[in-house]
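Observations on chain architecture
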Amino acid sequence: MKSLNYLRRLALEARWRLPQGEAEEVIADYTELLEGDARSQRELFRDLGTPREAVRLLDEKHAYYKWLAAFAGLTLCLFLPWRWLFPWHYHQNLSIMLLAVGTAGSVCWFHCSRQTGVAEKSRLPRGLRILLALHVLVVVAVLACSGYIQVLELGWITNSFPFEVARWIGKAFRWLCFLGGSVAFLTGVFGLVWARMTDRRWCAVYISGLAAVVLCNQFLGIIGGMDLTPNPLAISIRFVIVSLMGLVMSGVALC
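All of the points below concern the structure found in this document. Residue positions are given per chain, counting from 1 as you read along its sequence in written order. The predicted origin of the model limits local features to residues at a pLDDT of at least 70 and limits the giving and counting of side-chain atom pairs to 80 or more, whereas totals for whole chains, interfaces and linings rest on all residues. To get the side-chain values, take all heavy atoms of the structure and skip hydrogens and water.

**Focus: helix α2 (residues 20-34)**
Secondary structure is summarised from DSSP: a helix means a run of H or I of at least four residues, a strand means a run of E of at least two, and numbering begins at the N terminus for each. In a helix, the anticipated span is given by 1.5 Å times the number of residues less one. In a regular helix each residue adds 1.5 Å, so 15 residues correspond to 21 Å; α2 covers 21 Å between its end C-alpha atoms and thus fits that length. Exposure classes here rest on a 1.4 Å probe applied to the protein chains alone. A residue is buried below 20% of its type maximum, exposed above 50%, and partly exposed in between. Among all positions of α2, only Gln-20, Ala-23, Val-26, Ile-27, Tyr-30 and Leu-34 are buried. Angularly, the buried residues of α2 cover 125 degrees about the axis, an arc narrow enough to put them on a single face. Within α2, the exposed residues directed more than 90 degrees away from the buried face are Glu-25, Asp-29 and Glu-32. Summarising the geometry, the arc corresponds to the directions from the helix axis toward the C-beta atoms.

**Describing the layout of surface pockets**
Buried and open spaces are told apart on a 1 Å grid over the protein atoms alone, a cavity being a set of points where a 1.4 Å probe fits but cannot get out and a pocket being an open set with protein on both sides within 12 Å along at least five of seven lines. Residues with an atom within 4 Å of a point are the lining residues. Grid points are joined across faces, edges and corners, and a volume is the space filled by probe spheres set on the points. Looking at the second largest pocket, its volume works out to about 240 Å³. What lines the second largest pocket is simply Leu-132, His-135, Val-136, Val-139, Ser-208, Ala-211, Ser-243, Gly-246, Leu-247, Ser-250 and Gly-251. Put simply, the parts of the chain that give the lining of the second largest pocket at least two residues each are α7 (126-154), α9 (203-224) and α10 (232-254). In terms of residue count, the dominant contributor to the lining of the second largest pocket is α10 (five residues).

**Describing the packing of aromatic side chains**
Only Phe, Tyr and Trp rings take part, Trp by its six-membered ring, and two of them pair if their centres are within 6.5 Å. Stacked means planes under 30 degrees apart, edge-to-face means over 60, and tilted covers everything else. Counted under the stated rule, the structure contains 15 aromatic pairs. Ring plane angle 45 degrees and centroid distance 5.6 Å describe the contact between Trp-67 and Phe-71, whose orientation is recorded as tilted. Of this pair, Trp-67 and Phe-71 both sit in helix α5 (residues 61-83), four residues apart, which is roughly one turn of the helix. One exposure class covers both Trp-67 and Phe-71, and it is buried. Measuring from ring centre to ring centre gives 6.0 Å for Trp-67 and Phe-110, while their planes differ by 70 degrees; the resulting arrangement is edge-to-face.

**Digging into the pattern of salt bridges**
Each reported salt bridge corresponds to a side-chain nitrogen of Lys or Arg within 4 Å of a carboxyl oxygen of Asp or Glu. In this structure the tally under the stated criterion is three salt bridges. For Glu-24, the salt bridge goes to Arg-15, with nearest N and O atoms at 3.1 Å. Note on Glu-24: relative accessible area 33%, which makes it partly exposed. Residue Arg-201 is joined to Asp-199 by a salt bridge in which the shortest nitrogen-to-oxygen separation is 2.8 Å. Assigned by exposure class, Arg-201 and Asp-199 land together as buried.

**Quick notes on the side chain of Arg-17**
Looking at the element boundaries, Arg-17 is found in helix α1 (residues 2-17). The contacts of Arg-17, once residues within four sequence positions are left out, are Val-55, Arg-56, Asp-59, Tyr-64 and Arg-196. Two residues form a contact once any of their heavy atoms are found within 4.5 Å.

**Digging into the packing of helix α6 (residues 92-112) against α10**
With axes taken as lines fitted to C-alpha atoms, and helix axes fitted only over the stretch in contact, angles between N-to-C directions fall between 0 and 180 degrees. Contact geometry for α6 and α10: axes closest at 10 Å, N-to-C directions at 10 degrees. Regarding the angle of α6 to α10, the classification is roughly parallel. Contacts between α6 and α10 involve Gln-92, Asn-93, Ile-96, Leu-99, Ala-100, Thr-103, Ala-104, Val-107 and His-111 from the former and Arg-238, Val-242, Met-245, Met-249 and Val-252 from the latter. Only Asp, Glu, Lys and Arg are considered charged in this grouping, and only Ala, Val, Leu, Ile, Met, Phe, Trp, Tyr, Cys and Pro are considered nonpolar; every other residue, Gly among them, is considered polar. Of the residues that constitute the contact of α6 with α10, the class distribution is nine nonpolar, four polar and one charged. Angular relationships are summarised with four words: roughly parallel below 35 degrees, roughly antiparallel beyond 145, roughly perpendicular across 65 to 115, and oblique for the angles in between.

Shown next as structure tokens:
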């Protein structure tokens, strides 16, 4: 039992610090070494070192620091558009640029360079499918709200709500973006970590979460901006670009 606890901790360290293929080899070696071992946790630490120390002896510092730099950069691409949801300075153009950098960078790291090994040709994990569906739900909700706003701007329907009701509708739209964007941010970071630790296809959760956050950013920029006569065509183009980029790159990440 003590050796199982040691192996669990070592597996987490190995999968975080090492590429997937190397991590699985290390885990297999230690599993064979500790099979039936009755030593206590303290004795294992004394004889083998802590799981972190054991893995640090095997990792290549340059490769690990390269991964940390990639993780920090990809997380920053997700964090900034989420952070800009709150101070009323949305940086819409810069958010779309970060979306392009984040999606391309994550696909290049996890898919093209094979840093985490080839994903198993199996069904998508259930958790991955659930989080992708959640992000799609956020995107659809934001697109529906945007569509309603643009229909009002074009004058196809009239806003027949009293002022107080319309104001509360606007607040509801904002809170939808705040909450939906925050959920997409947290699950996107989780997908990035899990793509490293388990299966590179989890990168699709990061990409779809990033697209959802940027879409929330774009929508809040519309309803909170100073432009009193927004161009519906320009707005539609922004939303199409963000949605297609998230959809296409998520599909690539799942391959």
